[in-house]
6 protein chains.
Amino acid sequence: MRPSGRANDELRPVVLETNVNRYAEGSCLVRFGHTHVLCTASVGTSLPAWLRNSGQGWVTAEYGMLPRATHSRGDREAARGKQSGRTQEIQRLIGRALRAVTNLEGFGERLIRVDCDVLQADGGTRTAAITGGYVALAQAFAHLQGMGAIAKSPLTDSVSAISCGLYGDTAVLDLDYDEDSNAQADANFVLTGSGGIVEVQGTAEKHPFSRAAFDELLTLAEKGTQALAELQAAALAEAK
Amino acid sequence: MRPSGRANDELRPVVLETNVNRYAEGSCLVRFGHTHVLCTASVGTSLPAWLRNSGQGWVTAEYGMLPRATHSRGDREAARGKQSGRTQEIQRLIGRALRAVTNLEGFGERLIRVDCDVLQADGGTRTAAITGGYVALAQAFAHLQGMGAIAKSPLTDSVSAISCGLYGDTAVLDLDYDEDSNAQADANFVLTGSGGIVEVQGTAEKHPFSRAAFDELLTLAEKGTQALAELQAAALAEAK
Amino acid sequence: MRPSGRANDELRPVVLETNVNRYAEGSCLVRFGHTHVLCTASVGTSLPAWLRNSGQGWVTAEYGMLPRATHSRGDREAARGKQSGRTQEIQRLIGRALRAVTNLEGFGERLIRVDCDVLQADGGTRTAAITGGYVALAQAFAHLQGMGAIAKSPLTDSVSAISCGLYGDTAVLDLDYDEDSNAQADANFVLTGSGGIVEVQGTAEKHPFSRAAFDELLTLAEKGTQALAELQAAALAEAK
Amino acid sequence: MRPSGRANDELRPVVLETNVNRYAEGSCLVRFGHTHVLCTASVGTSLPAWLRNSGQGWVTAEYGMLPRATHSRGDREAARGKQSGRTQEIQRLIGRALRAVTNLEGFGERLIRVDCDVLQADGGTRTAAITGGYVALAQAFAHLQGMGAIAKSPLTDSVSAISCGLYGDTAVLDLDYDEDSNAQADANFVLTGSGGIVEVQGTAEKHPFSRAAFDELLTLAEKGTQALAELQAAALAEAK
Amino acid sequence: MRPSGRANDELRPVVLETNVNRYAEGSCLVRFGHTHVLCTASVGTSLPAWLRNSGQGWVTAEYGMLPRATHSRGDREAARGKQSGRTQEIQRLIGRALRAVTNLEGFGERLIRVDCDVLQADGGTRTAAITGGYVALAQAFAHLQGMGAIAKSPLTDSVSAISCGLYGDTAVLDLDYDEDSNAQADANFVLTGSGGIVEVQGTAEKHPFSRAAFDELLTLAEKGTQALAELQAAALAEAK
Amino acid sequence: MRPSGRANDELRPVVLETNVNRYAEGSCLVRFGHTHVLCTASVGTSLPAWLRNSGQGWVTAEYGMLPRATHSRGDREAARGKQSGRTQEIQRLIGRALRAVTNLEGFGERLIRVDCDVLQADGGTRTAAITGGYVALAQAFAHLQGMGAIAKSPLTDSVSAISCGLYGDTAVLDLDYDEDSNAQADANFVLTGSGGIVEVQGTAEKHPFSRAAFDELLTLAEKGTQALAELQAAALAEAK
């Protein structure tokens, strides 16, 4: 039995609350159990230099964590004067995931910045951020459509993410912090609504794992992201 | 008539919601209208070097703003690699305000860090942060009392803060962003529950102002902080 | 009796020595007793981006302290790689004070940078810096007039600053370091030559203070800045 | 046909040259075709604070690239004043890979730092770094054994890494820079000598990919890392 | 004829004013014509880690320049967040020069920091800094003797410095800024009072120079530093 | 007898290997005994702002050292977030040396960056870097000639560098690390192929040295750089 008492293929309660910021073109407070991430999508025009006059846009992401999002208080990155390697790794991942379902030629020379700030953390912050960040991004595109700035959404699919891991020898879905700390292996999967793989990151925490075990994790992830895709669609439908 | 349509001595709706973070020893989400600040108080033991073995504790504050807390997205300070002068000025102010009502010899060699993170800004973030930060701090001391770590709260009074300004020639209470942008002068007042002055910061934005005008601002602030002190007391009573 | 032996409303000997730098368009070495600040005003043309092509100019200030300006040697900020929160707070204050008496539309698209470097510190460095910085700025405008670059000075008034504090229960003017370290409260006042208030910063160091006490401090400050305004006028008249 | 003309399952010529640094306890210049990485393993005793007095050691890695390792010269990270997100991501990966085959309790309270510096880059620098870094690390442990400091090597297996990708619809092994730039998907696999999976990082560059395609990549990687493991064993045998 | 109109072997008027800072254990305002450098020597006890418990002390130097010390205003290094290469080069030179005449085992485990801050620059700031820094250092040792902390001064000789250059084909002593900007070659010489060479730094600005020319420069430097040594001795004698 | 057993005027074995980087316009791996420096010259067009539209080009250098180039591992400068004073001093020296033999008006508005990275250090890294950097630079100019971008090489002479020192009372050429650590004085000389002096840097390590001793060092340096100039010419001839 896993520590959380959930079934091996059971997600935590997932809530996607939209329109949580009065200024952002898109916003979503995503909760995976006790993990809460505030995502906003901001539309701007100052593209990175290498994209100016290219006719295409760009989607990028930034990730942060409030100092007391965690069990013991961490340092504030702004005070330390630099972002950790972990932070940079995560925000690069979020950006790649969102761009994988966006036609960058479909919204003009605009820069969309998705900010994912963890208000409270209990494992799985990067996967929650991708899942909620997609909702904020989709809203921002809807906003551009509503303004008549673009004719149709440049999104080619939806995208969500989930972590899976080996707890003992058992593959389990959506690890919380306690489970993650004790897992033999941990993998994050980013999948599209239609089941395509966007990103796979698997890491052996204690011992190398087998190909068969990895296959089990991927099967769980397919199931989990399917459920997340439905929740995303519902949240976006309701937000209209 | 001021832009917000409020009476000159009318606060925005103020809500103090406690227990909003499952890890922090004290926490408060404070809302002054559309200004929302998440405050947590974290109890630790690693005092700054100059206080070690002094027998006393310390209270300090950090302040931050999510990039899209504002109408247009600002830079993330962690990404820029340093905190702005404004951020440092505000967090120093919050720390001084909270220490002014704390007996630093009354809770052992502990460090209490109060984090004030602005989720959404519409003027008055520093005064909201002090007002909510006090609530989080009081809860943290209640937590230490509950554990038996201290016999009584080291707080000597409550503390709250409010901004006032001259809109045209009229003194008004609790400026929102639009009002602040158009004010002739702007002042932040930090007062205790019993009416003592902890900090006064008045700045002429466009033209120098008179002593008489400044007196009017202070009178408004006394009224406003009195109301805030009652809201703080109610929130702490309910949180027990 | 206050530690310095001065009367409660007595300034330290104040000396404003002009033309102390052979390159700067304006310069003033200001001494408030043992506090010595070297102020220069430098005229340039590279405005901050948000002011380019606006038709107006800008006045900004930077503040620094030599490492051994103080009783024990402090770190060199350039070596530490960042300016402290205190430094940034002070230089922002100086800039606001000088802009409050300057018509920014009256000297073209020029940037005037006022550097205030503390050679020796004995309390009141920020108020000395504002007082001397004004003299350097006025000289720089006189220099532009002398060149025929502007028809008249864009200064709308003079500005000076002084600290006051509660030593025990007594309000005293112009605190030196020893007095400041033992004061119950400390306030810095920036006033124009005609008595308008530009900035007020009052802080309770040990205990909150009363409105009546604050009024006494302001009365002292009005007297002190009146005397400083006369010294500024005399120094500028002599420098012509 | 892939651009390099190699068979789909063909590695570039791989050379592992040991003892290339006269000071390091272990060293290896690894070449995967035109990708050249200089790896050194340095044995020290200053463990990170959280491991002191824990009885165990630690293995960490740092990664860098000479400015002209690439086709056009890049910035020097030391001159820019910070390591890029990419650099941090890669050095964290190398460290995790090496620790996955090391019994951290088997070499005392020592810190082994593996430096991987890219002298010339043509794709696959991180996988070459892991492959060569392992050889340097194994030599460092052999050095400690030779000195009598440890009784046996704490390595539990060997570890190597290879990239695979989808070129068009075809899975190919060991992408060079041209192939990588044009791949539909790119994955890095870190496997042990006995075939266990240590780390998997797969990214869709242009379009999401299928589970079947991912399986093909993994099959290629198993083959490639098997060959690398043999080359590592041969280099270490020869170095004795 | 050189631009300054001085004879080729003529120093600018040199003034060494001691006791210019009320806190520092030694201080000297040195003027070489329009070049003014404020030097302080501060005695402390926090040695660099590699010298703790070694029984010896250390002398180090820091160098800075006020932003408007120069003809056009330069950036403030504290604001830019780092010291320039030039600054670091100069402060390393000053430290080496002072240590060359100090018996580091003769004043206990003390750290003496010599700060050299350029108030106004007209060429030759580094040589002025060494010349004045020596005076401040000698005073600090006299202070330690006066306190009874050391029995005799650990200085083994005096040290001073001067620049020489080739103006056209002519060797000239003590270049000011205009002369330096137009020199064919520029050399800084650090010599002891008894004529030993501590440091030589010669640089061809436009064309390589000959050994014969270099010999002429050294001859001038011997003459110049001899005069400086006498001025140093006189200033120290007077300061007693 | 000096520690290395070499004759007092004997260089270490010097090898200049060209074309060691497949991308750089010029490259040279220079070995002075166990000191190995990889030099590349990169041709670009983004001149520093102060040279744009000036009609001339610029040559600049950067210097770095791999962390384990030295006997015990040093910090990685990119990880520490800044270049040391020593690094900056050396790269400024290399740049000056190369510019001294380059007609900056002879290759258009191009920026040539010479990177000198120390793979292994045993004393004399800066002199090796200048010697090898010249070869890389000469190749880059030959490359521009080969492309028809310039009609003839803008080099006016060759340049090389060597260190000399006083070991005991004896002047010796080309110090290795052991010799350098025990030298009484240490000097670096940069000379042109025709014997002109470009740069002289002499430092007394323990005691001031005499003019006569300095003359001996310079005589050795003339001999050493003459030999280096011949090796440079041979390497460049062979590389054609």
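Cut-offs applied
- Residues numbered from 1 in each chain as written.
- Chains lettered and ligands numbered in written order.
- Predicted model: local features only at pLDDT ≥ 70, side-chain atom pairs only at ≥ 80, totals over all residues.
- Heavy atoms only, no water.
- Helix = DSSP H or I, 4+ residues; strand = E, 2+ residues; numbered from the N terminus.
- Polar contact = N/O pair within 3.5 Å; in protein donor to acceptor, adjacent residues only side chain to side chain.
- Pairing = 2+ DSSP bridges.
- Axes fitted to C-alpha atoms, helices over the stretch in contact; angles between N-to-C directions.
- Contact = heavy atoms within 4.5 Å.
- Buried area = accessible area lost by both parts, 1.4 Å probe.
- Salt bridge = Lys/Arg side-chain N within 4 Å of Asp/Glu carboxyl O.
- Nonpolar A, V, L, I, M, F, W, Y, C, P; charged D, E, K, R; others polar.
- pLDDT = per-residue confidence, 0-100.
- Least-squares fit on C-alpha atoms with pLDDT ≥ 70 in both.
- Phe/Tyr/Trp six-rings, centres within 6.5 Å; stacked < 30°, edge-to-face > 60°.
- Buried < 20%, exposed > 50% of the residue type's maximum accessible area, 1.4 Å probe, protein only.
- Parallel < 35°, antiparallel > 145°, perpendicular 65-115°, else oblique.
- Left-handed = near helix turned anticlockwise from the far one by under 90°.

## With respect to the side chain of C:T35
With respect to the helices and strands, C:T35 occurs in strand β3 (residues 35-44). Polar contacts involving the side chain of C:T35 include one to the main-chain carbonyl oxygen of C:G123, which spans 2.8 Å.

## What to know about the sheet that holds strand β2 (residues 26-32) of chain C
Two pairing modes exist for strands in a sheet, parallel and antiparallel, and in both the strands are linked by backbone hydrogen bonds. All names here are of chain C. Overall, mixed pairing links the five strands, which are arranged β1-β2-β3-β5-β4 in an open sheet. For this open sheet the edge positions go to β1 (14-18) and β4 (58-65), each flanked by a neighbour on one side alone. When strand polarity is set aside, the average angle formed by the axes of neighbouring strands in this sheet is 20°. Where β4 meets strand β5 (residues 111-120), eight bridges bridge the pair, whose relative direction is parallel.

## Here we look at the interface of chain E and chain C
Facing 37 residues of chain E, the contacting portion of chain C comprises 37 residues. Buried surface at the junction of chain E and chain C, both sides included, amounts to about 2900 Å², of which 46% is carbon and sulfur. Interface area lost by chain E to chain C is led by E:Y23, E:R68 and E:R73, which between them contribute 27%. Inspection of the chain E/chain C interface yields twelve salt bridges. A salt bridge links C:R76 to E:E62; its shortest N-O distance comes to 2.8 Å. Summed over the shared surface of chain E and chain C, the number is 24 residue pairs in polar contact (both at pLDDT 80 or more). Contributions of two or more residues to the side of chain E that touches chain C are made by β3 (35-44), β4 (58-65), α1 (77-80) and β5 (111-120) of chain E. By residue number, the principal contributor to the side of chain E that touches chain C is β5(E), which donates six residues. Its residues assigned to classes, the side of chain E that touches chain C shows 15 nonpolar, ten polar and twelve charged.

## Here's the deal with the confidence of the model for chain A
For chain A, the mean per-residue pLDDT works out to 96, and 100% of the residues sit at or above 70. As scored by the predictor, the complex reaches a pTM of 0.92 and an ipTM of 0.95.

## Points about the relation of the copies chain E and chain C
Aligned on chain C, chain E shows an RMSD of 0.0 Å; the corresponding rotation is 180° and the shift along the axis is 0.0 Å. Expressed as an axis order, the relation between the two copies is that of a two-fold axis. Both copies present the same face, since 100% of the interface residues in chain E are matched by interface residues at the equivalent positions in chain C.

## Brief notes about the interface of chain D and chain F
Across the contact, 37 residues belong to chain D and 37 residues belong to chain F. Taking both sides of the interface into account, the surface hidden between chain D and chain F amounts to around 2900 Å²; carbon and sulfur atoms contribute 47%. Broken down residue by residue, the surface that chain D buries against chain F is led by D:Y23, D:R68 and D:R73, which jointly contribute 28%. At the boundary of chain D and chain F, one finds twelve salt bridges. Across the pair F:E25 and D:R68 runs a salt bridge whose closest N-O atoms are separated by 2.7 Å. Our count for the contact surface shared by chain D and chain F stands at 24 residue pairs in polar contact (both at pLDDT 80 or more). Among the elements of the structure, β3 (35-44), β4 (58-65), α1 (77-80) and β5 (111-120) of chain D are those that each provide at least two residues to the side of chain D that touches chain F. Its residues assigned to classes, the side of chain D that touches chain F shows 15 nonpolar, ten polar and twelve charged.

## Comments concerning the pattern of salt bridges
In this structure the tally under the stated criterion is 108 salt bridges over all chains. Residues joined by salt bridges that share partners form a network here, namely A:R2, A:R6, A:R12, A:D122, A:D174 and A:E179.

## Re the sheet that holds β3(E)
Residue and element names in this part refer to chain E. Reading across from one edge, β1-β2-β3-β5-β4 is the order of the five strands in this open sheet, with mixed pairing throughout. With one partner strand each, in any of the chains shown, β1 (14-18) and β4 form the two edges of the open sheet. Adjacent strand axes in the sheet meet at a mean angle of 20°, parallel and antiparallel pairs treated alike. Along the sheet, helix α2 (residues 85-99) contacts β4 and β5; its crossing angle with β4, the most-contacted strand, is approximately 145°. Running at roughly 25° to β1, helix α5 (residues 211-239) makes contact with β1 and β2 (26-32) of the sheet.

## Focus on the relation of the copies chain D and chain F
The relation between the two chain copies is a rotation about an axis coupled with a shift along that axis. Note on the copies: chain D fits chain F at an RMSD of 0.0 Å, the axial shift is 0.0 Å, and the rotation between them is 180°. In this assembly, 100% of the residues forming the interface of chain D have copies in chain F that are likewise at the interface, indicating an isologous arrangement.

## Observations regarding the environment of D:A97
Residues and elements named next belong to chain D. Along the chain, A97 falls in helix α2 (residues 85-99). Measuring from C-alpha to C-alpha, the distance between A97 and V37 comes to 17 Å, with 60 residues separating the pair along the chain. Filtering out sequence-adjacent residues up to four positions away, A97 remains in contact with I130, V159, V190 and V198.

## A word on the packing of aromatic side chains
In the structure shown here, the tally under the stated rule is 27 aromatic pairs over all chains. Between B:F209 and B:F214, the ring centres sit 6.1 Å apart and the planes meet at 15°, which makes this aromatic pair stacked. The burial state of B:F209 is the same as that of B:F214; both residues are buried. Seen in terms of ring centroids, F:F107 and F:F141 are 5.1 Å apart; in terms of plane orientation they differ by 65°. Their pairing is edge-to-face. One end of the pair, F:F107, is in the loop between α2 (85-99) and β5 (111-120); the other, F:F141, is in helix α3 (residues 125-146), with 34 residues separating them in the sequence. Neither F:F107 nor F:F141 differs from the other in exposure class; each is buried. What links up through ring pairs into an aromatic cluster is the set A:F189, A:F209, A:F214, D:F189, D:F209 and D:F214.

## Regarding the environment of E:T225
All names here are of chain E. Within the fold, T225 resides in helix α5. Taking relative accessible area as the criterion, T225 reaches 2% and is therefore assigned buried. The spatial distance from the C-alpha of T225 to the C-alpha of F189 is 8.5 Å, given a sequence separation of 36 residues. Ignoring sequence-local partners within four residues, the contact set of T225 consists of S160, A161, I162, F189 and L191.

## Re the side chain of E:Q56
Residues and elements named next belong to chain E. Turning to its location among the elements, Q56 is positioned in the loop between β3 and β4. You can call Q56 buried: its relative accessible area is 18%. Excluding its chain neighbours within four sequence positions, the residues that come into contact with Q56 are L47, L51, L104, E105, G108 and E109.

## So, the environment of B:C164
By the element assignment, B:C164 lies in strand β6 (residues 159-167). It is 9.3 Å that separates the C-alpha atoms of B:C164 and B:E216, two residues lying 52 residues apart in sequence.

## Here we look at the packing of helix α5 (residues 211-239) of chain B against helix α5 (residues 211-239) of chain C
At a minimum axis separation of 13 Å, α5(B) and α5(C) run at an interaxial angle of 160°. With respect to each other, α5(B) and α5(C) are oriented roughly antiparallel. For the pair α5(B) and α5(C), the crossing hand works out as right-handed. Across from B:R211, B:F214, B:D215, B:L218, B:T219 and B:E222 in α5(B), the residues of α5(C) making contact are C:R211, C:F214, C:D215, C:L218, C:T219 and C:E222. Grouping the amino acids of the contact of α5(B) with α5(C) by side-chain chemistry returns four nonpolar, two polar and six charged.

## Some words on the arrangement of the chains
These two, chain A and chain E, are apart from each other, with no contact and a minimum C-alpha gap of 11 Å. Where chain B comes nearest to chain F, the C-alpha atoms are still 11 Å apart, and the two do not contact one another.

## Considerations on unusual backbone geometry
Residue and element names in this part refer to chain E. We note that D174 has phi near 60°; this positive angle belongs to a residue other than glycine. With respect to the helices and strands, D174 occurs in the loop between β7 (170-173) and α4 (177-181). Residue classification places D174 among the buried positions, given a relative accessible area of 0%.

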